[in-house]
Amino acid sequence: MSANPSATLNVPEVSKPVTLPTMPGSLGPKVLDIRKLYAETGMFTYDPGFTSTASCESKITFIDGDEGVLLHRGYPIEELAQKSDFMEVCYLLMNGELPNKVEKTEFVKNITYHTMVHEQISSFFHGFRRDAHPMAVMVGVVGALAAFYHDSTDINDPHQRLIASHRLIAKMPTIAAMAYKYSVGQPFVFPQNRFDYAENFLQMMFSVPCEEYKVNPILAKAMDRIFILHADHEQNASTSTVRLAGSSGANPFACIAAGIACLWGPAHGGANEAVLKMLEEIGSPDKVGEVVKAAKDKNSGFRLMGFGHRVYKNYDPRAKVMRETCNEVLDVLGKRDEPLLKLAMALEKVALEDDYFVQKKLYPNVDFYSGIILKAMGFPMSMFTVLFAVARTVGWIAQWNEMIEDPSQKIGRPRQLYTGAGKRSFVSLDKR
Ligand code: CMC
């Protein structure tokens, strides 16, 4: 038998069975190639939420949701989080291989020298209300980068694409920190090239001109690890948004702004903020039973934030590393008795033993512990999803570049099952 047997589909009202080729990946399930289905049957497939649809071919990230495995270019996330650093992971995602020493130095230099933003961007910030959600500011400012960097918006020029990629990775922490500083009424802090990526972000967030600021190396390491854990996650909602936006030929800044807008939702990157709000509302471990009961009741409209995942039907491997990092950070900060951590652990224990969660394979995801760490490090809740966006930018960029370089790339254009009114004649206003 052939290694890639075709499937045969009998379609009502179509005389001949339709042959659908299968395509193997290097890991994971094969896919059924349905590209000719409409031409041969006059029918579309129906898959809201894309639960069974592979929208593209990709070599960047692999997830085995049943086993709780996450690989970037083949390397397990646990190893990258422990042995690598965010700059290396960025290089890996973008280029397919880990950098050697020379390549790493060159890449770090390229990112470091793009961290400043055009001075006019500072003025642009002043148009926002001070109480704007920083994610709203991020969507606006990142989208506006296309108005400042005209020399890197031609997507057909690989060099311009590279410069735009470097600019986006480099400027995201600067813009994120500016969004925070603006919201608290403090002056913007310039990036400093002597710091690494995570250190630089911490100093732009937390230093003020009137005091010396020393970056705590353990917190910088934790920040770097948090960035690694969020760097890419194959075809999730925001990445698919970036690809779809980019499929029309839109410029990279516009595409990443679209990704940020999608990430903001509480079912996606907004969950880290939602988890912390939920824990604060629960308040004490003796309410855990009540909360788990509400999460199981479909009529309550309440879900346990930070639990469940479309792909993982096992413990999210990022959540395991995040849990360890959480303990380390709280130790360093002398906050081991942080009541929210105790509450989160109590909630996790009850949920993991509960039949509903066990049967539906609902486990903690990456967002469950990240908010506790970020809060302990001094980030306000509204910045949590912004940090996710800073880290995910490289994943979006790598996936966007991969799409542009794919010769089979077409504009994304899903079809629909129309259930609206049939054709009818217009009725004039006096007859309605
Ligand atoms: N609490 C209670 N019940 C849940 C939860 C939850 N957190 N998540 C899923 N379920 C139930 C859901 O009600 C459904 O039950 P039934 O089959 O009886 O209708 C079943 O589990 C499957 O859920 P689904 O909504 O069909 O699954 P999905 O793949 O569409 O949703 C999810 C995935 C992440 C949106 C969902 O699990 C969720 O809303 N979780 C809370 C939000 C969250 O933590 N999001 C962060 C995701 S990880 C970070 C990222 O990648 O962005």
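Below: a short report on this structure. Residue numbers restart at each chain and count upward from 1, following the sequence in its written direction. Confidence filtering applies because this is a predicted model: local features only for residues at pLDDT of at least 70, side-chain atom pairs given and counted only at 80 or more, and all residues used for totals across whole chains, interfaces and linings. Side-chain calculation: all heavy atoms of the structure are included, whereas hydrogens and water are not.

Some remarks on the site of the ligand
Then, in step 1: Throughout, the term near means that a residue has one or more heavy atoms lying within 4 Å of the molecule or strand in question. In the neighbourhood of the ligand, 21 residues make up the surrounding shell, with His-268, Leu-304, Gly-306, Arg-310 and Lys-360 lying closest.
Then, in step 2: Polar contacts, as used here, are pairs of N or O atoms within 3.5 Å; protein pairs need one atom able to donate a hydrogen and one able to accept it. Residues neighboring in sequence count only if both atoms are side-chain atoms. Side-chain polar atom of His-268 to an oxygen atom of the ligand: 2.5 Å apart, as the coordinates give it.
Then, in step 3: Separating an oxygen atom of the ligand from a side-chain N or O atom of Arg-310 is a distance of 2.7 Å.
Then, in step 4: Accessible surface is estimated by sampling points in the Shrake-Rupley manner with a 1.4 Å probe; for residues, cover comes only from the protein chains shown. When isolated, the ligand has an accessible area of 930 Å², and the protein chains bury 76% of it.
Then, in step 5: Grouping the constituent residues of the shell around the ligand by class yields ten nonpolar, six polar and five charged. Note on residue categories: nonpolar means Ala, Val, Leu, Ile, Met, Phe, Trp, Tyr, Cys or Pro, charged means Asp, Glu, Lys or Arg, and polar means any other residue, Gly included.

Regarding the packing of helix 12 (residues 271-282) against helix 17 (residues 367-377)
Pairs of packed helices are described in terms of their axes, by the angle between the two and the distance that separates them.
Then, in step 1: In this analysis, axes come from line fits to C-alpha atoms, helices being fitted only over the stretch in contact, and the angle between any two N-to-C directions falls in the range 0 to 180 degrees. Segments assigned H or I by DSSP are reported as helices when at least four residues long, segments assigned E as strands when at least two residues long, and all are numbered from the N terminus. Where helix 12 contacts helix 17, the two axes come as close as 8 Å, and the packing angle between them is 75°. Taken together, helix 12 and helix 17 sit at an angle that is classed as roughly perpendicular. Facing helix 12, whose interface residues are Ala-271, Asn-272, Val-275, Leu-276, Leu-279 and Glu-280, helix 17 presents Asp-367, Phe-368, Ser-370, Gly-371, Ile-372 and Lys-375.
Then, in step 2: Here the residues of the contact of helix 12 with helix 17 sort into six nonpolar, three polar and three charged. Each angle is binned into one of four classes, with values under 35 degrees roughly parallel, values over 145 roughly antiparallel, values of 65 to 115 roughly perpendicular, and all other values oblique. Throughout, a residue-residue contact means that at least one pair of heavy atoms, one from each residue, lies within 4.5 Å.

Some details on the layout of surface pockets
Then, in step 1: Grid points spaced at 1 Å and placed over the protein atoms alone form the basis of the search, with a cavity being a set where a 1.4 Å probe fits but cannot get out and a pocket an open set showing protein on both sides within 12 Å along at least five of seven lines. Lining residues have an atom within 4 Å of a point. Grid points are joined across faces, edges and corners, and a volume is the space filled by probe spheres set on the points. Looking at the second largest pocket, its volume works out to about 280 Å³.
Then, in step 2: Considering the residues around the second largest pocket, the lining is formed by 17 residues, among which Met-87, Phe-195, Asp-196, Tyr-197 and Ala-198 are closest to the centre.
Then, in step 3: When contributions to the lining of the second largest pocket are tallied by element, the ones reaching two or more residues are helix 3 (86-95), helix 4 (101-112), helix 8 (197-206) and helix 9 (217-229).
Then, in step 4: The dominant element in the lining of the second largest pocket, judged by the number of residues it contributes, is helix 4, at four residues.

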